[in-house]
Amino acid sequence: MAAKKAKPLCGKPTSGVFCATDQYLRLQYITVRDSIPPVAEDNSLFIYVQSGRGYLSVNGVVFDLRPGCFCWLQSYHIFSIDALWEQELHLAVVMYDYPLSNYMTFHNDTAQGLRAFATTIPVYPLEGQTRDSVERLLTEFAECNDAHDSGSNLIKCGILGQLALIFFDLCGRYSITHPYSMHQWPLGWSLSLFISFFCSEDLIPKDVADTFGISIATLNRELRITTGMNFAQTLNRARINLACSAMLFSELSFHFIFSYCGFRSEVAFYRTFKDLKGMTPQEYRIRSVNTKGTPRKMVCETVERILYYMHSNYKEQISLKSMAQELYISENIIRTLLHEELHTNFKDILTSYRLRYAEALLAVTDLPILDISLASGFNSERTFSRLFNARNGMSPSAYRARYMGIAT
Amino acid sequence: MKKLKYSRPFNSRDYFSENLLPSELFAGRKTIRQQIPFTQHDELELMLIRGGQGTLTVNATEFPLSQGSFFCFSPHHFHKLVPQKGYPIELSECHVNSGVYFYITACPYFGSAGKVPLYPPLHAELNPADALRAEILIDEIAKECQKKTLTAMETQRCFFLLLRLFGILEKFARIPEP
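Everything numeric in this text was worked out from a predicted model, so none of it was measured.

Peer 1: Explain the overall build of chain A to me, please; I cannot follow it from the model alone.
Peer 2: For chain A, the count of helices and strands is 18 helices and nine strands. Expressed along its principal axes, the backbone C-alpha trace of chain A runs to roughly 80 × 50 × 40 Å. Across the 408 residues that make up chain A, the buried fraction comes to 56%. Counted over contacts in chain A with a minimum sequence separation of 6, partners at least 24 positions apart contribute 71%. A total accessible area of about 17,500 Å² is found for chain A, and carbon and sulfur atoms account for 52% of it. Within chain A, the 39 negative side-chain charges are centred at a point lying 4 Å from the centre of the 39 positive side-chain charges.

Peer 1: Is there a simple way to explain the sheet that holds strand 6 (residues 69-73) of chain A in this structure?
Peer 2: Backbone hydrogen bonds are what pair the strands of a sheet, in a parallel or an antiparallel way. Residue and element names in this part refer to chain A. Taken together, the five strands give an open sheet; going across it, the order is 1-8-3-6-9, and neighbouring strands pair in antiparallel fashion. On the outer flanks of this sheet lie strand 1 (27-32) and strand 9 (123-125), each paired with one strand and no other. In this sheet, neighbouring strand axes are inclined to one another by 20 degrees on average, regardless of whether the strands run parallel or antiparallel. Bridging between strand 3 (residues 44-51) and strand 8 (residues 89-96) involves seven bridges; their strand directions are antiparallel. Across the sheet, V49 pairs through a bridge with L91, a residue of strand 8.

Peer 1: Before we go on, may I ask you to explain the nonpolar core in this structure?
Peer 2: Considering soluble globular proteins, one finds that nonpolar side chains tend to be buried as a cluster. If you look at the biggest cluster of nonpolar residues, it comprises 136 residues, and the most contacted ones within it are F18, F70, I81, L100 and Y103 of chain A together with F166 of chain B. Ranked by residues supplied to this core, first place goes to helix 4 (residues 150-177) of chain A with 14 residues. For L100 of chain A, the residues in contact, after removing those within four places along its chain, are L25, C157 and L160 of chain A together with C107, P108 and Y109 of chain B. Counting residues in hydrophobic clusters, the runner-up holds 40 residues, among them A324, L327 and F346 of chain A together with A60 of chain B.

Definitions and limits used
- Residues numbered from 1 in each chain as written.
- Chains lettered and ligands numbered in written order.
- Predicted model: local features only at pLDDT ≥ 70, side-chain atom pairs only at ≥ 80, totals over all residues.
- Heavy atoms only, no water.
- Helix = DSSP H or I, 4+ residues; strand = E, 2+ residues; numbered from the N terminus.
- Buried < 20%, exposed > 50% of the residue type's maximum accessible area, 1.4 Å probe, protein only.
- Contact = heavy atoms within 4.5 Å.
- Areas by Shrake-Rupley, 256 points an atom, 1.4 Å probe, with all protein chains shown as cover.
- Lys, Arg positive; Asp, Glu negative; His and termini not counted.
- Charge placed at Lys NZ, Arg CZ, Asp CG, Glu CD.
- Pairing = 2+ DSSP bridges.
- Axes fitted to C-alpha atoms, helices over the stretch in contact; angles between N-to-C directions.
- Core = buried A, V, L, I, M, F, W, Y, C linked by side-chain atoms within 4.5 Å.

Here it is in structure tokens:
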């Protein structure tokens, strides 16, 4: 399967071939008649071989491609695809962008799974039930390929997650029968993987060369052969990709992101970012939301935590202060977030939850209005009636007289 | 060769992997032969009608039921099921912590709807193919829920199935009047 000696790259790798900014959540059907020159994508992508035969060269290692082969390529994989002589390779390609995969990653034991996943092969020939499930998932994805409404997007995200889980499962099974050993792979492959894996650490060429028992010159040469880049370029690219994967999370400041990705100073981060992406991090953040194809938005998990807390506790006597204490978020941050993200405030949301519950109780029970107001979290019947009147344009008893008949 | 001395692969994962899914999840099938009085749950309930006929009353609104009716109830949706005589209602239901729904709405590809509590429940009439798809998804979640403890992978799988289920509801839901 894996050759000991890496196949050198022909030409400089290009990016944006399969993972352009207008290809989010979009299944592409690609026909390879001859070959696709080296590609270095900034996002991960799934490739499923529908028909035809050929080769996939990843970081200098060549894998056979035949119908039913399922690949998941990462940003640290520099790859090229060749079709066999006089054959056409028909591929289904879909990008699984890193911000989305970060959003869908749970549990702290994922790091262990990631290690197993990153140290195994990126191509698996599928058979039987697994092949059927992958094909079924891709068919379902294709059915809503051109729709970009929220519902279709959720379906597509769920399918991508399921494809990733299938791949994790394949890797897990493979890693049991083929334990990882650095010697098994060409040096360039192991180096590239090592640098991407630990790019957020304080990596210097000498340490990495010592880890592998080679000189710095060999380190750079081997990296150039397989990835077309030297140590510093490979490391910077990996760090900037890591930074980009966190850009869609609005809570993460640039200051936090640069130190997270292993940069020592903010200036170095800004300079490297601009060199590689051709724009500042601020511009990148704005552009990552305003995409041409599928609409995206920033992820703000704190707002969801706030809403969840209010949704679960609106019947209790909660206040902005008590919520801030429970969630360990300052009152000012809560105020600002609700205003910026939802254009509303704490009291408005709380009152609307309470009034909805009270409306339901008025319609389906014969409880006294005082009891309803207390059960819905209001302090007094008077406050409840005033707010109810303002919202519905009628008193609670008038509302009950109008709607209760249907329920009983 | 030296042993790997680095321990934190893809450092940023530490931040993202703190997302823990709320664990309460229940899914299954039911056959309703007799009227069920008004009930309400503190979690979200997804209900898909697989067969039978009858009516569903949610607070003060009545819905005729048929195969493929799909609803999502919040805690303020008191609902009552009345099957028609001789046509018991067969349904698949899934109860999920509302935190999951709020987490789903944080998805970068989800529009900003769903923040305001809706008075009528989110409701869709699915065509047979999509109803079957939703039914299979609920059955798969039910299969996972039967296990006593879920591994990280199984929990993630449940989340992805729920994403697709909410996706189907969101895609075909009629926008309720305010």
